[in-house]
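Below, each chain spelled out in residue letters.
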Amino acid sequence: MSLANPPVRSNRRGSFDLAPVRAPYIVACTLAVALMLAGTKWGSYAGASGLYLTDVLLACGTVHHILTTTASQQPALRGFTRPTPGALYWFLFGYVVLRLVVSVGNFGAEWVRDAAPYVYIGIGIVGASSLARSTEATRALTMKVVWGALIFHLTWTAVAAGLGVDTSGFPRFPGAEVPIGTVRPDIDCAVIGVTTALLIRNVLFRRMVKSSLFGLAVCVLAVSGLDTRGGYLAIAASVILGLAATYAVLRESKTMMRPALGMVAGALVLGAVIFLPSTVVGQRLIATVDSSSASSVEAKSAVGTAAARNEAWNKVLYWTAETSTRQTIGAGPGPNFIVESGSAAVLQGTQYANVRSPHNWFVGLYARFGIVGFVLVTAVLLATAFRIATNIRRIGNNELLFTCAVLAVSILPIAAVGVVLESPFGAVPFWWSVGILLSMGAGTAVGTGKLAKVISRA
């Protein structure tokens, strides 16, 4: 649909009127998401200390969207998605805001640092509202921006990790903790997993096959230099969901693409079974599941790391449960529960200092926002999984929805074992994707049962 020709919208009587103004050029907050996908950890420091480009882009995108949607001639709703991620998501965001207001007495640098990742939940509301007003041209341009970010990320990651180029001497943004080009294995693997899923989708849909196959080869090069169990699980989650969504589209096709997809899936599983046990990551994964098999130094290190984190998680859980207030609504931002719970001695060392997260987002969520916050987030994540399952064919058919689905799924495994959703490079793309996915509605896969109707309204 051309932006030059204003789209039509239907009124309640069934007649059609011209939309008063054209749709946004790209979905709101896309530029901030693209920055996080392109640069991940080092990209989150773009700007100057205290004034980061990510927050500027988010503020500008949000303010612009609010102004255009409250103007007298606002963009029309076009029916692609609902204009909201639902009441459940709004309730979560409202609770987060209320909890932050209650804890404002702890305001300071640490309060802002702890609160910001949860404020990013609001990005999902903005993204959903913008997508509902988008045209096909809007979504296509949004994907061009996302593709540019993913290709940029793949290029520098392949150079830094795959080819082993030392980036420690590269310049830094003012106040940044790491140089430009620094590899953060967990989130970089997750982003490569999203790129891999999109490239496989291209091949199976016969789009830019040669360049996509070359891109997949570069993905293999990049991840070969990354040592992270959570990151490899993130790649697996992205590819599995990507194949499932693609299969949902191709299952009604009479071509040979379905058998080809099955062959691709089989080759990936066989390759993982043969290749992974011979790698450091594979040995660490196996040792984590079965500690008796830990024979190498790396595998034994993985067992020790897992044991240390379990100990730290238990300490945080016990500390949170010490008082009924903390257990119910959490400690809020500001308090360093890592130190107060006695977990600092377990988590900190030569590699980590001034740790404020237990390296498990769910444990940290419980400590900050209590049972109420934990239950609300769990409900939102389950609702998101429901949306994906009931809209799987639609996701496979639409590149933007496909990207959001694999992006959300890829981040959760690394968030469970690292500091990812507590950081902008994880929280910004994750909540943007979740908000968009929840705006799809319940879909049709579960029929018209009561459960589907209830969840569709949430």
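Residues numbered from 1 in each chain as written. Predicted model: local features only at pLDDT ≥ 70, side-chain atom pairs only at ≥ 80, totals over all residues. Heavy atoms only, no water.

Caption draft 1: Just the overall build of the protein, in detail. Scanning the protein for helices and strands turns up 20 helices and four strands. Within the span of the protein, comprising 458 residues, buried residues form 50% of the whole. Residue pairs in contact within the protein that sit at least 24 positions apart in sequence constitute 75% of those at least 6 positions apart. About 20,600 Å² of surface is accessible on the protein, with carbon and sulfur atoms providing 66% of the total. (Helix = DSSP H or I, 4+ residues; strand = E, 2+ residues; numbered from the N terminus. Buried < 20%, exposed > 50% of the residue type's maximum accessible area, 1.4 Å probe, protein only. Contact = heavy atoms within 4.5 Å. Areas by Shrake-Rupley, 256 points an atom, 1.4 Å probe, with all protein chains shown as cover.)

Caption draft 2: Layout of the packing of aromatic side chains. Under the definition given, this model contains 11 aromatic pairs. Residues Trp42 and Trp156 carry aromatic rings whose centres are separated by 5.6 Å and whose planes lie at 70 degrees to one another, so their mutual orientation is edge-to-face. With a gap of 114 residues between them, Trp42 in helix H1 (residues 30-43) and Trp156 in helix H6 (residues 136-162) connect regions that are remote in the sequence. Grouping residues by exposure puts Trp42 and Trp156 together as buried. Grouping aromatic residues by their ring pairs yields a cluster made of Tyr89, Trp361, Phe362, Phe430 and Trp431. (Phe/Tyr/Trp six-rings, centres within 6.5 Å; stacked < 30°, edge-to-face > 60°.)

Caption draft 3: Local environment of the confidence of the model for the protein. Per-residue pLDDT for the protein has a mean of 83; in total, 77% of the residues score no lower than 70. A low-confidence stretch, residues 445-449 stays under pLDDT 50, and its non-local contacts, those more than four residues away or across chains, total seven contacts. Long-range and interchain partners of residues 451-456, a stretch whose pLDDT sits below 50, account for 10 contacts in this model, where long-range means more than four residues apart. (pLDDT = per-residue confidence, 0-100.)

Caption draft 4: Examining the nonpolar core more closely. If you look at the biggest cluster of nonpolar residues, it comprises 95 residues, and the most contacted ones within it are Ile395, Trp431 and Trp432. Dropping the residues within four chain positions of it, Trp431 is found in contact with Tyr89, Leu92, Pro117, Tyr120, Ile121, Gly124, Trp361 and Val380. (Core = buried A, V, L, I, M, F, W, Y, C linked by side-chain atoms within 4.5 Å.)

Caption draft 5: Spatial organisation of the pattern of salt bridges. Applying the stated rule across the entire model yields four salt bridges. Two residues, Arg113 and Glu110, come together in a salt bridge whose shortest N-O distance is 3.9 Å. You can see Arg113 and its partner Glu110 sitting in helix H4 (residues 109-119), three residues apart, about one turn around the helix. A relative accessible area of 44% means that Arg113 is categorised as partly exposed. Exposure remark for Glu110: the relative accessible area of 32% places this residue in the partly exposed category. Notably, a salt bridge pairs Glu322 with Arg326, separated by 3.1 Å at the nearest N-O pair. Arg326 sits in the buried class, given a relative accessible area of 17%. (Salt bridge = Lys/Arg side-chain N within 4 Å of Asp/Glu carboxyl O.)

Caption draft 6: Summary view of unusual backbone geometry. You will see that Cys29, though not glycine, has its phi angle at about 75 degrees, which is positive. You can see Cys29 is positioned in the loop between strand S2 (16-18) and H1.

Caption draft 7: Summary view of the environment of Ile26. In this fold, Ile26 is placed in the loop between S2 and H1. Once the C-alpha coordinates of Ile26 and Ser130 are considered, the two residues, 104 residues apart in sequence, prove to be 8.5 Å apart. Setting aside its immediate chain neighbours within four residues, Ile26 contacts Leu31, Ser130, Thr138, Leu141, Thr142 and Val145.

Caption draft 8: Focus on a nonpolar patch on the surface. Taken together, the side chains of Val159, Leu163, Val165, Phe170 and Leu221 present a nonpolar region at the surface, about 400 Å² in accessible area. Locating Phe170 in the fold gives a position in the loop between H6 and helix H7 (185-204). (Patch = residues over 30% accessible without salt bridge, like charges linked within 9 Å, V, L, I, M, F, W, Y side chains within 5 Å.)

Caption draft 9: Highlighting helix H19 (residues 424-438). The first and last C-alpha atoms of H19 sit 21 Å apart over 15 residues, in line with the 21 Å expected at 1.5 Å per residue. By the criterion of burial, H19 is predominantly enclosed, with 14 of the 15 residues buried. (Expected span 1.5 Å × (residues − 1).)

Caption draft 10: Quick peek at the side chain of Asn202. Take Asn202: it is sitting in helix H7. Assessed through its relative accessible area of 3%, Asn202 is described here as buried. Polar side-chain contacts of Asn202 include one of 3.4 Å to the side chain of Ser212. Those residues in contact with Asn202, other than ones at most four positions away along the chain, are Trp147, Arg207, Met208, Ser212 and Glu399. (Polar contact = N/O pair within 3.5 Å; in protein donor to acceptor, adjacent residues only side chain to side chain.)

Caption draft 11: Just the environment of Leu198, in detail. Locating Leu198 in the fold gives a position in helix H7. The buried category is assigned to Leu198, whose relative accessible area is 0%. When the C-alpha atoms of Leu198 and Thr403 are compared, they prove to be 7.3 Å apart, with 205 residues separating the residues in sequence. In this view, Leu198 contacts Trp147, Leu150, Glu399, Phe402 and Thr403; residues no more than four positions away in its chain are not counted.

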